[in-house]
Amino acid sequence: MLDDADDIHPLFYGAPKTTEFKKLRKRIVQNVREAIEQYGMVGRDGAKPPKWLVCLSGGKDSYTLLAVLHELKWRGLLPVELLACNLDQGQPGFPATVLPEFLEKMGVPHRIEYQDTYSIVVDKVPQGRTYCALCSRLRRGNLYRIAREENCTAVVLGHHRDDILETFFMNLFHGGRLATMPPKLVNEEGDLFVYRPLAHVAEADCEKFARSMTYPIIPCDLCGSQDGLQRQQVKAILDGWEKNSPGRRQIMFRALTNARPSHLLDSDLFDFKGLMANTGDNSDNSPDIPKPR
């Protein structure tokens, strides 16, 4: 899978030759291939290859996503058309030339869209409240519009394993529900898929990869400049658990793929009222437990 000589996509020019980086790259590529296969992100109906709008913020996660998808396509393992897209939201000080210049240099098809959602967010959100919810809605609406204009079948986002875990605990702690960001969904209008191919990739791996490749990372000064975000609090909790018990994040993530409705309390998912005891033997009358996958 890893290259010899110059048989690589330009996004991998200058990649470190160390064994550590090669293992990191291989692990990320394998994780992405597993997610694409497991969640059926590429159809097999023989129709025209789909077109994906790959959303690029300029952060470590989206650079990792862009590079790995192009790696797979370069190797003939991802039969889709890729269009990178950056939505410039008008944040003060945003380096507007960085991504266009980078994408041109790498020979990556792209679209740069300017929409001043920053002013709307600052105007609508009361002082002291966080911007994330409104900012995300405005960003997502614009990305859906762009995807339709470009005849894309899917909007592809750079959320990784840790984002998914953090969202699960935010819903648990603050929303009173067991839910997170799924690797694949259909938008409310029903005309676009939303994919998260990094669903199995650890944030630490994205960080190491993007830094090792010296991609021009752009920080998010809009949301990242605010203190006390619920997500930051959850991240700190997970960091503590991981420090005390290395590997805990992966165990918790695996639990999200191994749900047992009969051992939860949602009667819409499991027919507790219809559950009957077997009085003909000495069984413990417990409900059938699905075998671990």
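Here, the structure is the one placed above.
Residues numbered from 1 in each chain as written. Predicted model: local features only at pLDDT ≥ 70, side-chain atom pairs only at ≥ 80, totals over all residues. Heavy atoms only, no water.

Chemist: Would you mind going over the overall build of the protein in detail, with residue names and values included?
Modeler: A count of helices and strands for the protein gives nine helices and six strands. Across the 293 residues in the protein, those meeting the buried criterion constitute 41%. By sequence separation, contacts in the protein at least 24 residues apart represent 75% of the contacts at least 6 residues apart. For the protein, the computed accessible surface area is about 16,700 Å², with 51% contributed by carbon and sulfur atoms. (Helix = DSSP H or I, 4+ residues; strand = E, 2+ residues; numbered from the N terminus. Buried < 20%, exposed > 50% of the residue type's maximum accessible area, 1.4 Å probe, protein only. Contact = heavy atoms within 4.5 Å. Areas by Shrake-Rupley, 256 points an atom, 1.4 Å probe, with all protein chains shown as cover.)

Chemist: So what's going on with the packing of helix α8 (residues 230-244) against helix α9 (residues 248-256)? Residues and values would help.
Modeler: Following both chains from N to C, one finds α8 and α9 inclined at 115°, their axes separated by 8 Å at the closest point. On α9, the residues touching K235, L238, D239, W241 and E242 of α8 are R248, R249 and M252. Of the residues in the contact of α8 with α9, the class split is three nonpolar, no polar and five charged. (Axes fitted to C-alpha atoms, helices over the stretch in contact; angles between N-to-C directions. Nonpolar A, V, L, I, M, F, W, Y, C, P; charged D, E, K, R; others polar.)

Chemist: Could you give an account of helix α3 (residues 98-106), with specific residues and numbers?
Modeler: For α3, every residue scored as buried is listed here: L99, F102, L103 and M106. For α3, the buried positions fall inside an angular range of 95° around the axis, keeping them on one side. Of the exposed residues in α3, the ones pointing more than 90 degrees away from its buried face are E101, E104 and K105. Next to the buried residues of α3 lie α2 (60-74), β2 (81-88) and β3 (110-114). At the exit of α3 stands G107, carrying a positive phi of roughly 70°. (Arc of directions from axis to C-beta.)

Chemist: Which residues make up the pairing of β3, and what values do they have?
Modeler: Of the two faces of β3, only one is covered, namely that formed by R111 and E113; the face formed by H110, I112 and Y114 stays uncovered. Relative to β3, β2 is paired through five bridges, and the arrangement is parallel. When the sheet's bridge partners are listed, C85 is paired in β3 with R111. One crossover worth recording links β2 to the parallel β3 by way of α3, and it is right-handed. (Pairing = 2+ DSSP bridges. Right-handed = clockwise from strand over helix to strand, strands pointing away.)

Chemist: Let's hear about the pattern of salt bridges: which residues, and what values?
Modeler: For the structure shown, the criterion picks out 21 salt bridges. Of the charged contacts in the structure, one is a salt bridge between E149 and R145, with a shortest N-O distance of 3.2 Å. Placement of the pair is E149 and R145 together in helix α5 (residues 132-149), with a separation of four residues, close to one helical turn. The partly exposed category is assigned to R145, whose relative accessible area is 25%. (Salt bridge = Lys/Arg side-chain N within 4 Å of Asp/Glu carboxyl O.)

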